[in-house]
Amino acid sequence: MSLPLAGPIVLIGAGNMGGAMALGWVKSGIAGSSIIAADPNPPEAIRSRLSDAGVGFVASAPDGIKAGVLFVAVKPQVMADVLPAYRSLIGPETVVVSIAAGKTLSFLEAHLGSAPMVRAMPNTPAMIGRGVTGAYASAGITPAQRKLVDALLQVSGPVEWVETEALIDAVTAVSGSGPAYVFYLVECMAEAGRKLGLPADLAMRLARATVSGA
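What counts as what
- Residues numbered from 1 in each chain as written.
- Predicted model: local features only at pLDDT ≥ 70, side-chain atom pairs only at ≥ 80, totals over all residues.
- Heavy atoms only, no water.
- Salt bridge = Lys/Arg side-chain N within 4 Å of Asp/Glu carboxyl O.
- Helix = DSSP H or I, 4+ residues; strand = E, 2+ residues; numbered from the N terminus.
- Buried < 20%, exposed > 50% of the residue type's maximum accessible area, 1.4 Å probe, protein only.
- Polar contact = N/O pair within 3.5 Å; in protein donor to acceptor, adjacent residues only side chain to side chain.
- Contact = heavy atoms within 4.5 Å.

K.L.:
Now, about the pattern of salt bridges: what can you tell me, with residues and values included?
P.N.:
The full count for this structure, using the stated rule, is 3 salt bridges. Note that Glu165 and Arg119 form a salt bridge whose closest N and O atoms lie 3.0 Å from each other. Of the two residues, Glu165 sits in the loop between strand S8 (159-161) and helix H6 (167-176) while Arg119 sits in strand S6 (residues 117-121), which places them 46 residues apart along the sequence. The exposure class assigned to Glu165 is partly exposed, which follows from its relative accessible area of 21%. Overall, Arg119 belongs to the buried group, its relative accessible area being 4%.

This is the structure:
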């Protein structure tokens, strides 16, 4: 996949979700050399795979560059401490993408400054390329930037755009949190089978296969 990048993709946070996104970008054909992963302690398996693909790793905000895409994939509770160091990476063509739940565009602007921005909410199946993502774009984003972000998010599954930022909360409730409810359903089914006399491991295998097949 060839993308019209105005600068490197700077990924803040190369943990399970951020790392999965970066692996998806590389698999889709984006050159690893166009990606910088900023994470002081990424999982070793993710670091190894991305490094082999040419992705550069730094422990903190890199100096002297403007990001084409600043992709924020750190936990919401640490964003206020982490983001200000990346403010200098915002250039006239930078687009910011955040996948942090509950952090609004106004929060991002307060810590990064004014820029075209996208709030996105993927779900955990994105880590195996089977996710679905809801996204909302700020008023300042161009059609080309929105198309770029859509392509980056689609490596983990379909992308659905919503018309208001408030609807991202509804997306979080349905698909963002949805896998947890499916897991709970499986646990309940398995427990019901156990109470009916099935061995616990067999009941769990039956429940998992039933939900997966359905």
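K.L.:
So what about the side chain of Asn123? Which residues, and what values?
P.N.:
Checked against the element boundaries, Asn123 lands in the loop between S6 and strand S7 (133-137). In this structure the side chain of Asn123 is engaged in a polar contact, spanning 3.3 Å, whose partner is the backbone oxygen of Ser175. Excluding residues that lie within four positions of it along the chain, Asn123 makes contacts with Met17, Gly131, Val132, Ser175, Gly176 and Pro179.

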